[in-house]
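A closer look at the structure
What follows is each chain in one-letter form.
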Amino acid sequence: MKKLLENLIPPVFWLAVWEIAALAVGRELLLPGPARVGESLLALARTVDFWLSVGTTLGRVLLGLAWGTLMGTALAFLTHFSRWADRLVSPAVRVVRATPVVSFILLVYLWVSRWAIPWVIAGLMVLPVVWGTLSAGLADLDGKLLELARAYRFSRIKTLRLVYLPSLRPHFCAGLLTAFGLAWKSGVAAEVICPPVHAMGSRIQQAKLGLETADLFAWTLAIIVLSLTLEGLLRRVLERRNRA
């Protein structure tokens, strides 16, 4: 019961703050209350377009997360083992990390079709995070373990499996969790700025243009709930893998 109360008090508190703020504003167009947003979300959830938009956005985010993670991992190993690759690639990755996501969205809009922009942008935001965490893990790798692997004449595959992967797992898991949140934010932002046909970001843009504030809050709430739920599932899977 104590744990249940500890988990319930924070959301109840912020819902109350939200309701009080909505009553103080007194205009649903500016700030609808939580009950009105909940009604709007339930109405949207009964439509096919809602679930089609959710599935499409989720697919784009996961696609961006996948290719950004693969590229970040490959570049981390490449820049660690090759001095010239580090000199050539590392500055470019740092530029990608420092560039505002809006600039990339507008640039990519000139080069690729609208439906591909969200997953391309999501991958670009994921790549530097994965590269940075794995590069730090490779730099901190225990040299004595590598000497031991050489002494026992481990093959490269065996050294990778028994030395590199266990040592890099905590860094990879931390980077992946951070990258997942960035993939969601950047992917949805790309959908808002360059709206494709079916996307949660496109529905946010339509709600804004139509001054449908309750729908705008409802779509935003759906994105937050979906992101937190999937991030929690990912965290649980990674923790279980680490314990195993």
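Above this text you will find the structure in question.
Below or above, wherever it landed, is the structure these notes cover. (Residues numbered from 1 in each chain as written. Predicted model: local features only at pLDDT ≥ 70, side-chain atom pairs only at ≥ 80, totals over all residues. Heavy atoms only, no water.)

Things to note about the overall build of the chain
Going by this rule: Helix numbers and strand numbers start at the N terminus; a helix is a DSSP run of H or I with at least 4 residues, a strand a run of E with at least 2. What makes two residues a contact is simply this: any of their non-hydrogen atoms within 4.5 Å. Each accessible area value is a Shrake-Rupley result obtained with a 1.4 Å probe; residue values ignore everything except the protein chains displayed when judging cover. Positive charge is attributed to Lys and Arg, negative charge to Asp and Glu, and no charge count is given to His or to the chain ends. Note that the charge is assigned to NZ on lysines, CZ on arginines, CG on aspartates and CD on glutamates.
The number of helices and strands found in the chain is ten helices and zero strands. Scanning the chain from its N terminus toward the C terminus, one meets helices and strands in the order α-α-α-α-α-α-α-α-α-α. Counting only C-alpha atoms and orienting by the principal axes, one finds that the chain spans roughly 75 × 55 × 30 Å. In the chain, the share of contacts with a sequence separation of at least 24, taken over all contacts with a separation of at least 6, comes to 71%. Only carbon and sulfur atoms are counted for the fraction: they give 68% of the accessible area of the chain, which is about 14700 Å². Charge centroids of the chain, computed over 26 positive and 14 negative side chains, lie 12 Å from each other.

Brief notes about helix H1 (residues 2-25)
Short version of the rule: To estimate how far a helix should extend, the number of its residues minus one is multiplied by 1.5 Å. Bend at a given residue is defined as the angle between two axes, one fitted to the seven residues that end at that position and one fitted to the seven that begin there.
In this model H1 runs 35 Å from its N-terminal to its C-terminal C-alpha over 24 residues, within 8% of the 34 Å that 1.5 Å per residue would give. Roughly 25 degrees is the biggest bend found in H1, and it falls at leucine 8, with proline proline 10 one to four residues downstream.

Focus: the environment of tryptophan 111
Quick reminder of the rule: Any residue under 20% of the maximum accessible area for its type is buried, any over 50% is exposed, and the rest in between are partly exposed; the area is computed with a 1.4 Å probe on protein chains only.
By secondary structure assignment, the location of tryptophan 111 is in the loop between helix H5 (101-109) and helix H6 (117-139). What makes tryptophan 111 exposed here is its relative accessible area of 64%.

Topic: unusual backbone geometry
Backbone geometry places leucine 211, a non-glycine residue, at a positive phi of 55 degrees. The exposure class of leucine 211 is exposed, given its relative accessible area of 58%.

Side note on helix H4 (residues 83-98)
Taking 1.5 Å of rise per residue, the 16 residues of H4 would be expected to cover 22 Å, and the 22 Å separating its terminal C-alpha atoms lies within 8% of that figure. Roughly 30 degrees is the biggest bend found in H4, and it falls at valine 89, with proline proline 91 one to four residues downstream. Regarding H4, the residues found buried are Ala85, Val89, Ser90, Val93 and Val96. Residues of H4 that are buried make contact with helix H3 (48-81), H5 and H6.

So, a nonpolar patch on the surface
Worth spelling out the cut-off: For patches, a residue must show more than 30% relative accessible area and have no salt bridge; joins then use 9 Å for like charges and 5 Å for nonpolar side chains, namely Val, Leu, Ile, Met, Phe, Trp and Tyr. When a carboxyl oxygen of Asp or Glu lies within 4 Å of a side-chain nitrogen of Lys or Arg, that pair is called a salt bridge.
Residues Met1, Leu4, Leu5, Leu8, Ile9 and Val12 make up a contiguous nonpolar surface patch of roughly 630 Å² in combined accessible area. Mapping leucine 5 onto the fold places it in helix H1. The exposure class assigned to leucine 5 is partly exposed, which follows from its relative accessible area of 45%.

Observations concerning the nonpolar core
Here is the rule: Nonpolar core, defined: a set of buried Ala, Val, Leu, Ile, Met, Phe, Trp, Tyr and Cys residues in which side-chain atoms within 4.5 Å join the residues together.
One finds Tyr164, Trp184 and Met200 to be the most contacted residues of the largest nonpolar core, which totals 42 residues. Elements that contribute at least two residues to this core include exactly helix H2 (34-45), H3, H4, H6, helix H7 (143-151), helix H8 (156-193), helix H9 (200-209) and helix H10 (213-243). It is H8 that provides the largest number of residues to this core, a total of eleven residues. In contact with methionine 200, not counting residues within four places along its chain, are Ser53, Val54, Thr57, Glu191, Trp219, Ala222, Ile223 and Leu226. Of all hydrophobic cores here, the second largest spans eleven residues; its members include Phe104, Ile117, Ile121 and Ala190.

A few points about the packing of H3 against H6
The condition is simple: Here an angle of 0 to 180 degrees is reported between the N-to-C directions of two axes, which are lines fitted to C-alpha atoms, with helices fitted over the stretch in contact. Helix crossings fall into two classes, left-handed where the near helix is turned counterclockwise from the far one by less than a right angle and right-handed where it is turned clockwise. All residues other than Ala, Val, Leu, Ile, Met, Phe, Trp, Tyr, Cys, Pro, Asp, Glu, Lys and Arg, Gly among them, are scored as polar; the first ten of these are nonpolar and the last four charged.
Where H3 contacts H6, the axes come no closer than 6 Å and their chain directions differ by 35 degrees. Regarding H3 and H6, the two cross each other, and that crossing is right-handed. Partitioned by chemical class, the residues of the contact of H3 with H6 number 19 nonpolar, nine polar and one charged.

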